[in-house]
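Descriptive structure summary
Listed here are the chains, written in short residue letters.
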Amino acid sequence: MTQTERAAYNAGIKAAINAAQIVAITIETAEDAGAFRKRVAAEALAAFAESAKGLMLEAFPADGHCLNADQNSASLMMAKE
């Protein structure tokens, strides 16, 4: 995945998180927010927003990521000897 694709994916995840948070706050501040279904919906949206953060992709440097993996492999091989 290219950096541009990763950025687009992360932007989509951020948009979904923001939308869920906005709707949860809107439900919580409504006049009839005490209704059981509304409380459950608000809590579900807040939980979705929190868990969706785990879907974000980390941005790895193009040249350093493989180097670190090679260094780790070499360290493991020396430790076995």
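Residues numbered from 1 in each chain as written. Predicted model: local features only at pLDDT ≥ 70, side-chain atom pairs only at ≥ 80, totals over all residues. Heavy atoms only, no water.

Per-residue pLDDT for the protein has a mean of 80; in total, 72% of the residues score no lower than 70. By mean pLDDT, the top-scoring element of the protein is helix 1 (residues 3-28) (94), and the lowest-scoring one is helix 3 (residues 64-80) (49). Within the model, pLDDT remains below 50 along residues 64-71, and this stretch shows 1 contact once partners closer than five positions in the same chain are excluded. (pLDDT = per-residue confidence, 0-100. Helix = DSSP H or I, 4+ residues; strand = E, 2+ residues; numbered from the N terminus. Contact = heavy atoms within 4.5 Å.)

Attention shifts here to helix 2 (residues 36-52). Spanning 17 residues, helix 2 covers 24 Å between terminal C-alpha atoms, matching the ideal 24 Å at 1.5 Å per step. For helix 2, the full list of buried residues reads Ala 42, Ala 49 and Ala 52. Buried residues along helix 2 cover an arc of 105° about the axis, so they all sit on one side. Exposed residues pointing more than 90 degrees away from the buried face of helix 2 are listed as Phe 36, Arg 37, Glu 43 and Glu 50. Along its buried surface, helix 2 packs onto helix 1. (Expected span 1.5 Å × (residues − 1). Buried < 20%, exposed > 50% of the residue type's maximum accessible area, 1.4 Å probe, protein only. Arc of directions from axis to C-beta.)

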